[in-house]
Amino acid sequence: MTNPLPTWSALQTHYEQIRDEKLRDWFAPANDTAPTRAERFTFSGGGIGADLSKNRITDATLELLVQLAREAGVEARRDAMFKGEIVNPTEGRAVLHTALRATEANAPFHKEITAERAKMAKFADAVRSGAWTGYTGKRIRHVVNIGIGGSDLGPKMVVHALQHLELPEITSHFVSNVDGADLWRTIEHLDPAETLAIIVSKTFTTLETMTNARSMRDWFVKHGCPEGDLAKHFVGVSANPAEVVKFGIARDNVFEMWDWVGGRYSLWSAVGLSIMIAIGPKQFDELLAGAHDMDEHFRTAPLEKNLPVLLGMIGIWYRNFFGSQSYLVAPYSEALHFLPSYLQQLEMESNGKQARLDGKFVDYATSAITWGEPGTNGQHAFFQMLHQGTTLVPIDFIAVLTPEHPLGDHHPKLLANCFAQSEALMLGRTEEEARKVAGPDKPELVPHIMFPGNRPTTTLLVDALTARSLGALIALYEHKVLVQGTVWDINSFDQWGVELGKILGKVVEADLTAPGAEVKQHDSSTSALIARARAALKR
Ligand code: F6P
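Residues numbered from 1 in each chain as written. Predicted model: local features only at pLDDT ≥ 70, side-chain atom pairs only at ≥ 80, totals over all residues. Heavy atoms only, no water.

Chemist: I tried to follow the domain arrangement of the chain on my own but got confused; where do I start?
Modeler: Many structure descriptions define interface size as the accessible area lost when the parts assemble. Here the chain is described as being made up of domain 1 (6–18 + 53–72 + 301–494), domain 2 (97–284) and domain 3 (497–538). The gap between the C-alpha centroids of domain 1 and domain 2 is 34 Å. Taken together, the contact between domain 1 and domain 2 spans 27 residues of the former and 20 residues of the latter. For the domain 1 face of the interface with domain 2, the top three residues by lost area are Phe 338, Gln 345 and Glu 478, together amounting to 28%. (Domains from an automatic or database assignment. Contact = heavy atoms within 4.5 Å. Buried area = accessible area lost by both parts, 1.4 Å probe.)

Quick look at the structure:
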């Protein structure tokens, strides 16, 4: 697979030269003289540290990767995004999530953003203090965020990550799936008099969210909330306020976002209202400040030391030259439990594209499959395959140096596991070493206890999981996506690929629920599935 950029072919040649080299040899004390790999390949930005040294890179690799980024126009695309130019051409939109965390008064849309943020803060404070009451006069104790994709994953991930900063009087819930079990399991034991629903949808037309919102409204009314008091329990967040009002939410209860905020980049906008209620406006500002720190780093640091650029280009190195299909995100932090699912949307919806900006199809690979699970859990599940399987899966380990809890020896154990995994994946175990471990009585064990090693990992270090460091971490991945999308010459900010399934979903739903009529217009498989389900739904 090729890319027309000249450095692409230089990297191809370089790859052939170093593909069989071993990290273990590069790290051997005799070879790893000062400045060591750890010294040469450790970088930092926005308060985040990144050890890239256990990647299959040399100084020459990084030089070429940075040259490729430069050649692809990463700096120009980055600057165009920050300035508010149309960098999402298929939807004719600017992409300005960075403006949401900018502090400068001359930043794009600063006035609108500040006004909406003040409205959010006033509301969040009222809910948090108990001044905002439900239809019986009780304070709000449960906040149910109803949204899906970008209107769910970001807020859910952040609220979970910062649970240690949450106001104890309020519990946050997140409902996304159109499977009624999601909503029902959440609200079944809640008291509607103490519950606030935040309906979050940029378009306010999304099937799942609107279905859940309607059922939520019915639940309030059925449990005694007078229609006239629904405004005390319902707020909406959308770029389509007219539709929110049409749904029946009071105009004062509508929080606006704008078309220049992409769904998967929107947690910094009013989409983050549930975050603000959970942790308070001050901590929300800290989250924004952390993202702004990373924005500044991305905007100003030389590409050679620019974390989003380096992370993005290393991803390209494995995806396009080693042919890795996926990469793993392993946060050694329970707080970051939902980071991998958040990153799945961010990376795969952004860069899972086949058409280049000029409309021609790519003939090289784009987005890797992003997946992940917190450590150490993953070690007892799928790490076997990472160590001895036949597929190369590069890994981002994320370690938080200071624990949020007071529990004795947990944290050194957690960190030890994180660092030991990257060491083991890098070193592997040779045949000779395996023979020693197996001993003279068990030579047949040798192939089973050999590890190929040379498995590349990046370790990101965060001092403590605060709102600020989390903001920086998220922004790091956001910008990494832009870097990769630029090199792949695709539009990272549209998502046409979700449309076909939505259109066919409406047709199938009509067939499933239409009384009588025979289902004909599908292939034999889909028709048979519909027929089976129709029979079951009638029961
Ligand atoms: O279907 C995909 C998608 O459009 C995502 O891009 C978006 O985050 C999600 O659906 C939810 O959209 P909305 O916020 O408009 O309900």
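Chemist: Is there a simple way to think about the packing of aromatic side chains in this case?
Modeler: One pair of aromatic rings is described through two measures. These are the centre distance and the angle between the planes. Summed over the entire model, instances satisfying the criterion amount to 21 aromatic pairs. Arranged with centres 5.1 Å apart and planes meeting at 65°, the rings of Trp 219 and Phe 220 form a pair that is edge-to-face. For Trp 219, a relative accessible area of 5% translates into the label buried. The exposure class of Phe 220 is buried, given its relative accessible area of 0%. With a centroid separation of 5.4 Å and an interplanar angle of 80°, the aromatic rings of Trp 317 and Phe 322 are classed as edge-to-face. Since its relative accessible area comes to 16%, Phe 322 is described here as buried. Members of the aromatic cluster, each reached through a chain of ring pairs, are Trp 8, Tyr 15, Trp 317, Tyr 318, Phe 321, Phe 322 and Tyr 364. (Phe/Tyr/Trp six-rings, centres within 6.5 Å; stacked < 30°, edge-to-face > 60°. Buried < 20%, exposed > 50% of the residue type's maximum accessible area, 1.4 Å probe, protein only.)

Chemist: How should I be thinking about the site of the ligand in this particular structure?
Modeler: Close to the ligand lie 13 residues, the nearest being Ser 151, Ser 201, Thr 203, Thr 206 and Glu 349. Note that an oxygen atom of the ligand is positioned 2.7 Å from one of the side-chain N or O atoms of Thr 203. For the ligand, an oxygen atom lies 3.1 Å from a polar atom in the side chain of Gln 345. Alone, the ligand offers 400 Å² of accessible surface; in the complex the protein occludes 87% of this. Considering only residue class, the shell around the ligand consists of 2 nonpolar, 8 polar and 3 charged. (Near = heavy atom within 4 Å. Polar contact = N/O pair within 3.5 Å; in protein donor to acceptor, adjacent residues only side chain to side chain. Areas by Shrake-Rupley, 256 points an atom, 1.4 Å probe, with all protein chains shown as cover. Nonpolar A, V, L, I, M, F, W, Y, C, P; charged D, E, K, R; others polar.)

Chemist: Could you clarify how one ought to interpret helix 16 (residues 410–427) in this entry?
Modeler: In a regular helix each residue adds 1.5 Å, so 18 residues correspond to 26 Å; helix 16 covers 26 Å between its end C-alpha atoms and thus fits that length. Here helix 16 has its buried residues at His 411, Leu 414, Leu 415, Cys 418, Gln 421, Ser 422, Leu 425 and Met 426. All buried residues of helix 16 lie within an arc of 130° about the axis, which places them on one face of the element. For helix 16, the secondary structure elements touched by its buried residues are helix 2 (23–27), strand 8 (326–332), helix 15 (383–388), strand 10 (395–402) and strand 11 (457–464). Just downstream of helix 16 lies Gly 428, where phi reads positive at about 65°. (Helix = DSSP H or I, 4+ residues; strand = E, 2+ residues; numbered from the N terminus. Expected span 1.5 Å × (residues − 1). Arc of directions from axis to C-beta.)

Chemist: When you look at the sheet that holds strand 10 in this model, what are you seeing that I'm missing?
Modeler: Strands in a sheet are paired, the pairing made by backbone hydrogen bonds, and the direction either parallel or antiparallel. Across the sheet, which stays open at both edges, the 6 strands sit in the order 1-2-11-10-8-9 with mixed pairing between neighbours. Edge strands, defined here as strands with exactly one partner in the open sheet, are strand 1 (42–45) and strand 9 (369–372). The mean inter-strand angle of the sheet, taken between neighbouring strand axes irrespective of direction, is 20°. For strand 10 and strand 11, the ladder comprises 7 bridges, and the chain directions are parallel. Counterpart to Ile 398 in the pairing with strand 11 is Leu 460. Across the sheet, helix 14 (residues 339–351) lies against strand 8, strand 9 and strand 10, angled at about 175° from strand 9, the strand it touches most. (Pairing = 2+ DSSP bridges. Axes fitted to C-alpha atoms, helices over the stretch in contact; angles between N-to-C directions.)

Chemist: Can you walk me through the pairing of strand 4 (residues 171–175) in this structure?
Modeler: Note on strand geometry: in a regular strand, side chains alternate between the two faces of the sheet. With 4 of its 5 residues buried, strand 4 lies for the most part within the structure. Both strand 3 (residues 142–146) and strand 4 contribute to a ladder of 5 bridges, which runs parallel. Within strand 4, the residue paired with Val 143 across the bridge is Ser 172. Between the parallel pair strand 3 and strand 4, the chain is carried across by helix 7 (residues 153–161), and the sense of this crossover is right-handed. (Right-handed = clockwise from strand over helix to strand, strands pointing away.)

Chemist: Is there a simple way to think about a nonpolar patch on the surface in this case?
Modeler: Taken together, the side chains of Leu 500, Ile 503, Leu 504 and Val 507 present a nonpolar region at the surface, about 370 Å² in accessible area. Along the chain, the position of Leu 504 falls in helix 19 (residues 499–513). (Patch = residues over 30% accessible without salt bridge, like charges linked within 9 Å, V, L, I, M, F, W, Y side chains within 5 Å. Salt bridge = Lys/Arg side-chain N within 4 Å of Asp/Glu carboxyl O.)

Chemist: Honestly, the environment of Ala 535 in this entry has me stumped. Any pointers?
Modeler: Mapped onto the fold, Ala 535 is located in helix 20 (residues 524–538). By relative accessible area, Ala 535 is classed as partly exposed at 41%. Along the primary structure Ala 535 and Ala 118 are separated by 417 residues, whereas in three dimensions their C-alpha atoms are 52 Å apart.

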